[in-house]
Amino acid sequence: MSNITPLLERNKAFAATGTWRNAPRLPFLPFKGLYVITCIDPRTDPAEFLGLQFAEAIVARTVGGRVTDAVIQDLSYIGYLVETKAPDGPYFEAVVIHHTDCGSRLLEDPALRHGFAQRSGYDEDMLALLPATVPAETVRSDVRKILAAPQISSRITVSGMVYDTATGLLETVAEPAHPVADLCLV
Ligand SMILES: [Zn+2]
């Protein structure tokens, strides 16, 4: 038996609720118009800290919530879908959320970083940039990265927040801005 086997009972219960019938139509924009990018840490599940319900948000999760090229690709794809399939909108808002006490900070240890680079073949200098050491700073950096990416639809907005694992509270550190617009970062 795998770890997921006991959860199949929860899946049956979910299927029995019929919740899944109330789904958005093509291009499958979430009901709350949100695209949340945050960490894979199990303590930082946006379904919990934002109280998200079924189909209310698109959620992308990476180590640290860092905006990788793959995140940019997905975000640009969804923006393009809206532009081509539903050009009148509504357009969605993307929000980057990093958090305190992030496990990405373990990569601050040069020995661990070097070992992982040796093991994986990933570039050690790139890995050194990954830790969300000061989450307010990495959030602003990643928001700027999205806003500057030419692939991203100028119709969406991008903002940034920090989640405090000690209080459960979010703090806005980058106000919503459009790509190729003023980088209005607080
Ligand atoms: Zn984390």
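Further up the page is the structure itself.
Caption draft 1: Expanded view of the overall build of the protein chain. Along the backbone of the protein chain there are six helices and five strands. Starting at the N terminus and ending at the C terminus, the protein chain contains elements arranged as α-β-α-β-α-β-α-α-α-β-β. Computed over C-alpha atoms, the radius of gyration of the protein chain comes to 18 Å, within 12% of the 16 Å expected from 2.2 N^0.38 for 186 residues, which places it in the range of a compact globule. Taking the principal axes of its C-alpha atoms as reference, the protein chain extends roughly 50 × 50 × 35 Å. Considering the protein chain as a whole, with its 186 residues, one finds that 38% of them fall into the buried category. Across the protein chain, contacts joining residues at least 24 apart in sequence account for 62% of those joining residues at least 6 apart. A total accessible area of about 10900 Å² is found for the protein chain, and carbon and sulfur atoms account for 55% of it. Here the protein chain carries 16 positive and 22 negative side-chain charges, and the mean point of each set is 7 Å from the other.

Caption draft 2: Seen up close, the nonpolar core. Tyr35, Ile37, Leu75, Phe92 and Ile146 are the most contacted members of the largest nonpolar core, which totals 27 residues. Where this core is concerned, the elements lending two or more residues are β1 (34–39), α3 (69–85), β3 (93–99), α6 (135–148), β4 (157–163) and β5 (170–177). For this core, the element with the highest residue contribution is α3, accounting for six residues. Beyond its immediate stretch of four places on either side in the chain, Leu75 contacts Tyr35, Ile37, Phe92, Ala94, Ile146, Ile152 and Ile156. Counting residues in each nonpolar core, the second largest holds seven residues, with Val36, Leu52, Ala57 and Tyr163 among its members.

Caption draft 3: Representation of the coordination of the zinc ion within the structure. For the zinc ion, the full set of protein donor atoms is Cys39 (SG), His99 (NE2) and Cys102 (SG), and the range of their distances to it is 2.0 to 2.3 Å. Of note, the donors binding the zinc ion are all from one chain and are spaced C-x59-H-x2-C. Note on accessibility: His99 and Cys102 belong to one class, buried.

Caption draft 4: The arrangement of unusual backbone geometry in detail. Cis geometry is found at the peptide bond from Gly89 to Pro90, where omega equals 10°. Summarising the element assignment, Pro90 is placed in the loop between α3 and β3. Even without being glycine, Ala55 reaches a positive phi, approximately 65°. Tracing the chain through its elements places Ala55 in the loop between α2 (46–49) and β2 (57–62). A positive phi is found at Asp101, a non-glycine position, where the angle reads about 55°. Its location among the elements puts Asp101 in the loop between β3 and α4 (110–120).

Caption draft 5: Local environment of α6. Between its first and last C-alpha, α6 extends 20 Å over 14 residues, near the 20 Å set by a 1.5 Å rise per residue. Looking at the buried side of α6, the elements it contacts are β1, α3, β3, β4 and β5.

Caption draft 6: Examining the side chain of Ser159 more closely. Here Ser159 lies in strand β4. With sequence-adjacent residues up to four places away left out, Ser159 is seen in contact with Ala94, Val95, Val96, Val143, Ala174, Glu175 and Pro176.

Definitions and cut-offs
Residues numbered from 1 in each chain as written. Predicted model: local features only at pLDDT ≥ 70, side-chain atom pairs only at ≥ 80, totals over all residues. Heavy atoms only, no water. Helix = DSSP H or I, 4+ residues; strand = E, 2+ residues; numbered from the N terminus. Rg over C-alpha atoms; globule rule 2.2 N^0.38 Å. Buried < 20%, exposed > 50% of the residue type's maximum accessible area, 1.4 Å probe, protein only. Contact = heavy atoms within 4.5 Å. Areas by Shrake-Rupley, 256 points an atom, 1.4 Å probe, with all protein chains shown as cover. Lys, Arg positive; Asp, Glu negative; His and termini not counted. Charge placed at Lys NZ, Arg CZ, Asp CG, Glu CD. Core = buried A, V, L, I, M, F, W, Y, C linked by side-chain atoms within 4.5 Å. Donors = N, O, S within 2.8 Å, 3.2 Å for Na, K, Ca; no water. Expected span 1.5 Å × (residues − 1).

Read these as spatial facts, not as claims about activity.
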